[in-house]
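# An overview of the molecular structure
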Amino acid sequence: MLTKNKALINWVEEMAKMCEPDQVVWCDGSDVEKERLMQEAIKTGELIELNQEKLPGCTLHRTATNDVARTENLTFICTSKKEDAGPNNNWMSPEEGYKKAGEIFKQSMVGRTMYVVPFSMGPVGSPFSKIGVELTDSIYVVLNMRIMTRMGKAVLDRLGYQGEFTKCLHSKADLDINRRLIMHFPEDNAIWSVGSGYGGNVLLGKKCLALRIASYLAKKEGWLAEHMLIMGVEDPSGHIDYVAAAFPSACGKTNLAMLIPPEGLKSKGYRIWTVGDDIAWMQIDSDGALWAINPEAGCFGVVPGTNSKTNPNAMAMIRKDTIYTNVLLKPDKTLWWEDGDDSAPPEGIDWQGRPWKPGLLDQNGKPIDGAHPNSRFTAPIANCPSVTNRLEHHHGVQISAIIFGGRRAHLAPLVYEAFDWPHGVFMGATMASERTAAQYGKQGEVRRDPMAMLPFCGYNMADYFDHWLEMGRQMTKPPKIFNVNWFRTDESGNFLWPGYGENLRVLEWIIDRTKDKAKAAKTPIGYVPTPESLDMTGLDLSKETMEHLLEVNPKDWEEELESISDFFNQFGDRLPQLIWDEYEALCSRIKKRIENYAHP
Ligand code: OXD
Ligand code: MN
């Protein structure tokens, strides 16, 4: 045992009594331990060793075929009062939650080892950081947690005799989807996840702690836990501005966080520094500004679509020390995935462990995926060529701008700026994306996802909006708030904006706006760039395309307003009046614009 923390020792004993593992092993986070666990998992087939010449330190894991993504329908917030979980969450009472999950945990570890994994979200000892301890019967989880968090003895040392920690219990149990539950007990600072082996459900430091539990703690303690990337933009003088950005899952956060400047801006001297690709914890410092850390130490990214064009830095990051999940294995023990760099190999083993070759069809005549569309890499962020040198800074970085974004084919212009903090909060609260063909559901259907936190806010979202408004009141130097939309299309459905590295042009405008250095036009929805205020050096976009990208069509916004009020109504009286005030103000600005069009 590596600790004298009585509460921790007692809890481990109590959980072991319920799960009945053959043995309990305390993890110290050492390299020797990593090597031992890796070899053990390779022996049992839990991990497959890859070609060590081409992919040093890399392994492959396959999950059960019904266990390939987060299961939001099986994810619960267990608070004493249902209203505290809000309409945005599935709810169960804590009593029922413990009972239901407890029945599945009972004897779930017989014949297995229970690993005790102490971890810190954030640099060990930083005032931002929180400690958790995960108990798990999966070596895959231990090795992933070792990449995604600061894990091991140093964390226990920091915890000391009496320190507080989030109690995280995980068992694969029998991986039965009917006996799978992801339970959060914010009032007890505890998480119980059972019956799954998929990262988002079982790497409990990530979505469960760093977003759901942390958002609850953040409201209580006066800070923000957000589903945001953090990146630094270094200008030609060497000054670095940091921005935090929220996009719904699968909208390219990892790619944006690791962006490589296009030639036009690179030659001017711009550089990008990656702080985080998924989660930001932000606090107001004594200077009245907002400071942020990335609580994670690794990236758990989607593999298909990752290639040298979409994300060269990620390609470099995942060349070593990476755990891959559910991608195609080639005969030479290297990997392949859809929309990667290479054309399909003539043969391989697919993500389900079956022989595969290009052109194989399923019984419905649809091509069989080599890699699962949600296959993942787990890689240390320190491997990323663009990683910030402030990763371990206990103070984090100062945030100059907060960016919200979604996938809208027609509605939203490329970028616009909120009039002030409450308007920015309203912008975040009305964030939405249209479904693409790759997603389940009706194509084009709008899914509201405020601040990209809908699946991750551990309490009633109406209270969450209120907390955001309060944070604005507490800051003397708040970041400015923006909305971006890389996904506007022309009449034939082609994207108008080239995306990728060119997005830096928009970031440059955003940062210049925070310094009152760039021009903008006032529109009913916010400040929109004047066409000449965006630096287009080296990019050939027609004047018409640029105008289309920046256009605000009040008729489209009139329709949008209806959908926004439907969404807000579900929160009833709990929705802050200030959010309704912002809504009314937008309605009247849009109405006025339509009248002006009719009677110019
Ligand atoms: C993720 C997600 O895995 O947002 O990061 O779903
Ligand atoms: Mn995410």
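Residues numbered from 1 in each chain as written. Chains lettered and ligands numbered in written order. Predicted model: local features only at pLDDT ≥ 70, side-chain atom pairs only at ≥ 80, totals over all residues. Heavy atoms only, no water.

### Regarding the sheet that holds strand S24 (residues 376-380)
As a reminder, the rule being used: Any two strands between which DSSP finds at least two bridges are classified as paired. Helix and strand assignments follow DSSP, with helices taken as H or I runs no shorter than four residues and strands as E runs no shorter than two, numbered in order from the N terminus.
One open sheet accounts for five strands, arranged S2-S3-S19-S24-S18; its pairing is mixed. Looking at which strands have only one partner, the edges of the open sheet turn out to be strand S2 (48-49) and strand S18 (298-302). Here strand S19 (residues 323-325) pairs with S24 via three bridges, running antiparallel. Within S24, the residue paired with Tyr324 across the bridge is Phe377.

### Here we look at the coordination of the manganese ion (ligand 2)
Counted only if it meets this: Because no water is among the atoms considered, metal sites can look incomplete, with donors defined as N, O and S atoms within 2.8 Å of the metal, or 3.2 Å for Na, K and Ca. Summary of the burial criterion: residues with accessible area below 20% of their type's maximum are buried, those above 50% are exposed, and those between are partly exposed, where the area comes from a 1.4 Å probe applied to protein chains only.
Coordination of the manganese ion (ligand 2) by the protein comes from Lys207 (NZ), His227 (NE2) and Asp278 (OD), over a distance range of 2.2 Å. Each donor residue of the manganese ion (ligand 2) lies on the same chain, and together they follow the pattern K-x19-H-x50-D. With a gap of 71 residues between them, Lys207 in helix H8 (residues 205-221) and Asp278 in the loop between strand S15 (271-276) and strand S16 (280-284) connect regions that are remote in the sequence. Across the pair, Asp278 and Lys207 agree in class, each one buried.

### Let's talk about the side chain of Glu226
The test is simple: Charge counting follows a simple rule: Lys and Arg are positive, Asp and Glu are negative, and His as well as the terminal groups are ignored. Throughout this description, the term salt bridge denotes a Lys or Arg side-chain nitrogen within 4 Å of a carboxyl oxygen of Asp or Glu. Here, two residues are considered to be in contact whenever any of their heavy atoms come within 4.5 Å of each other.
Inspection of the secondary structure puts Glu226 in strand S12 (residues 224-226). Buried and unpaired, Glu226 has Lys253 as its nearest opposite-charge partner, separated by 10 Å. The residues contacting Glu226, other than those within four sequence positions of it, are Leu211, Asp278, Ile279, Ala280, Met282, Met451, Met453, Tyr464 and Trp468.

### Some details on the environment of Thr310
The condition that has to hold: For this analysis, a polar contact is any N or O atom pair within 3.5 Å, provided that within protein one partner can donate a hydrogen and the other can accept it, and provided that sequence-adjacent residues contribute only side-chain to side-chain pairs.
Structurally, the position occupied by Thr310 is in the loop between S18 and helix H11 (312-317). Exposure remark for Thr310: the relative accessible area of 14% places this residue in the buried category. Sequence separation between Thr310 and Ile323 is 13 residues, and the spatial gap between their C-alpha atoms is 20 Å. Dropping the residues within four chain positions of it, Thr310 is found in contact with Asn255, Gly305 and Tyr500. Polar side-chain contacts of Thr310 include one of 2.8 Å to the backbone oxygen of Gly305.

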